[in-house]
Amino acid sequence: MLIDSHIHVGQFGQLYFSPKYIGRIMAECSVDTFLVSSTTTCTDNYDEAMKEIKELVTLYGNKILPCLWLTENGLSEDIQNLIRSFEIKWKCLKIHPALRPWEWNPEGSAIKKIFSMAGANHNIPILIHTGEDESCHALKYENIISENPDIPVILAHGRPFESARYMISKYINVYVDTAFMDTGDIIKLVGDGLSGKILWGTDLCIPIVYDSRINLQKYYRRILKKLKSKIGNSEFLDITLNNAIKLFDLREI
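The rules we used
Residues numbered from 1 in each chain as written. Predicted model: local features only at pLDDT ≥ 70, side-chain atom pairs only at ≥ 80, totals over all residues. Heavy atoms only, no water. Helix = DSSP H or I, 4+ residues; strand = E, 2+ residues; numbered from the N terminus. Rg over C-alpha atoms; globule rule 2.2 N^0.38 Å. Buried < 20%, exposed > 50% of the residue type's maximum accessible area, 1.4 Å probe, protein only. Contact = heavy atoms within 4.5 Å. Core = buried A, V, L, I, M, F, W, Y, C linked by side-chain atoms within 4.5 Å. Arc of directions from axis to C-beta. Salt bridge = Lys/Arg side-chain N within 4 Å of Asp/Glu carboxyl O. Expected span 1.5 Å × (residues − 1). Bend = angle between axes of the 7 residues up to and from the residue. Pairing = 2+ DSSP bridges. Right-handed = clockwise from strand over helix to strand, strands pointing away. Axes fitted to C-alpha atoms, helices over the stretch in contact; angles between N-to-C directions.

Of the regular secondary structure elements, the protein chain holds 10 helices and 9 strands. Rg of the C-alpha trace for the protein chain: 17 Å, near the compact-globule value of 18 Å for 253 residues, within the 12% margin. Referenced to the eigenvectors of the C-alpha coordinate spread, the extents of the protein chain come out at roughly 50 × 40 × 35 Å. For the protein chain, the residues scored as buried account for 55% of the 253 residues in total. Put simply, 71% of the contacts in the protein chain that link residues at least 6 apart link residues at least 24 apart.

And the structure:
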């Protein structure tokens, strides 16, 4: 089995990735289960974003692990009521500080509310986009992460690498996903004995946004095959299957 913990549906710039398109790509890449959030949320069109996730669940059942991407607007009572009306069983919450750095002050009320929401939903994970920029640096939320040891946090992309490496080494509740990570960096983490803190993720279909010539299926198989060839089978299974089963409480698999 293969679980991808970082997939997107919806509007991204000028491109639109429909639920059926995402389902087809995942099937062609032999992905059994995938954590998916809607990039349509970036436009604050929560009604459309919820419809996309709901359609995925209707079409593909428990292959879908719904991830709720939130902007600060999404924390309002009206939007929260809208989200609840769709009755989606969320497996993860997501924020993207790089897109809206003014919203996610590490000491502000918005980020505290996200952690409170995660706790109220049986300590589901929070997926945080990380990058080289100060707005989304892997160390940015160290204080609130350390104050909430029961809330799992996934540092998407694991950037900057050494900072992400420090975070997953120090905190039992912190993980990285491999979306856009260099295979060499993943191997370093495995060499540190941290294969239990890594989730396979690819950010599909976002790679095609940056290079329209990419064949997504070939791209997917290539990076997966490369990782498998560089690490042991036990570590590979942890990254691509076991860690996600544990983190997202997938008892049915």
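Once the structure has been displayed, the description carries forward.
This paragraph deals with the nonpolar core. With 71 residues, the main nonpolar core has Met 26, Met 50, Leu 70, Leu 204 and Tyr 220 as its most contacted residues. Aside from chain neighbours lying at most four places away, what touches Leu 204 is His 6, Ile 7, His 8, Ile 25, Met 26, Leu 216, Tyr 219 and Tyr 220. Leu 127, Leu 241, Ala 244 and Phe 248 belong to the second largest nonpolar core, which has 15 residues in total.

Moving on, we come to helix 3 (residues 77-85). Among all positions of helix 3, only Ile 79, Gln 80 and Ile 83 are buried. Down the axis of helix 3, the buried side of the element spans an arc of 100°, and every buried residue falls inside it. Turned more than 90 degrees from where helix 3 packs its buried face, Glu 77, Asp 78, Arg 84 and Ser 85 sit exposed. On its buried side, helix 3 packs onto helix 2 (46-60), strand 4 (64-69) and helix 4 (109-120).

What follows deals with the pattern of salt bridges. The full count for this structure, using the stated rule, is 9 salt bridges. A salt bridge links Glu 103 to Arg 100; the nearest nitrogen and oxygen atoms lie 3.0 Å apart. According to the relative accessible area criterion, Arg 100 is buried, its value standing at 14%. The residue Asp 192 makes a salt bridge to Arg 165 at a minimum N-O spacing of 2.7 Å. Taken together, the residues Asp 192 in the loop between helix 7 (183-191) and strand 9 (198-199) and Arg 165 in helix 6 (residues 161-170) connect sequence positions 27 residues apart.

Residues spaced three or four apart along an α-helix point in a common direction, a consequence of the helix completing one turn every 3.6 residues. With 15 residues, helix 10 (residues 233-247) extends 20 Å between its outermost C-alpha atoms, agreeing within 8% with the 21 Å of an ideal straight helix rising 1.5 Å per residue. Residue Ile 239 marks the point of greatest curvature in helix 10, where the axis turns by about 50°. Buried-residue contacts for helix 10 involve strand 1 (3-12), strand 7 (153-156), strand 8 (174-177), helix 7, strand 9 and helix 9 (216-230). Of the residues trailing helix 10, Asp 249 is marked for its positive phi of about 55°.

So, on to the pairing of strand 5 (residues 92-95). In strand 5, alternate side chains face the same way, and those of Cys 92 and Lys 94 on one face and Leu 93 and Ile 95 on the other are all buried. Sheet analysis places strand 4 next to strand 5, joined by 3 bridges and oriented parallel. What sits directly across from Cys 67, in strand 5, is Cys 92. Taken together, strand 4, helix 3 and strand 5 constitute a β-α-β crossover, and its handedness is right-handed. Both strand 5 and strand 6 (residues 126-129) contribute to a ladder of 3 bridges, which runs parallel. For Leu 93, the partnering residue across the bridge sits in strand 6 and is Ile 126. This β-α-β element, strand 5 to helix 4 to strand 6, shows right-handed connectivity.

Strand order in the open sheet formed by 9 strands is 2-1-3-4-5-6-7-8-9, with mixed pairing between adjacent strands. Only two strands of the sheet have a single neighbouring strand rather than two, namely strand 2 (15-17) and strand 9. Lying on the sheet, helix 1 (residues 19-28) is in contact with strand 1, strand 2 and strand 3 (33-38); it crosses strand 1 at an angle near 150°.

This brings us to the pairing of strand 3. Burial runs high along strand 3: 6 of the 6 residues are buried. With burial as the criterion, each face of strand 3 is covered, one bearing Thr 33, Leu 35 and Ser 37 and the other bearing Phe 34, Val 36 and Ser 38. As judged from the 5 bridges shared by strand 1 and strand 3, these two strands associate in the parallel manner. Across the sheet, Ile 7 pairs through a bridge with Val 36, a residue of strand 3. Of the strand pairs in this sheet, strand 3 and strand 4 are connected by 3 bridges, and their pairing is parallel. Its bridge partner being in strand 4, Phe 34 is matched across the sheet by Ile 64. Where the polypeptide runs from strand 3 across helix 2 and back to strand 4, its parallel neighbour, the crossover connection is right-handed.

Interpretation in functional terms is not warranted from these geometric data alone.
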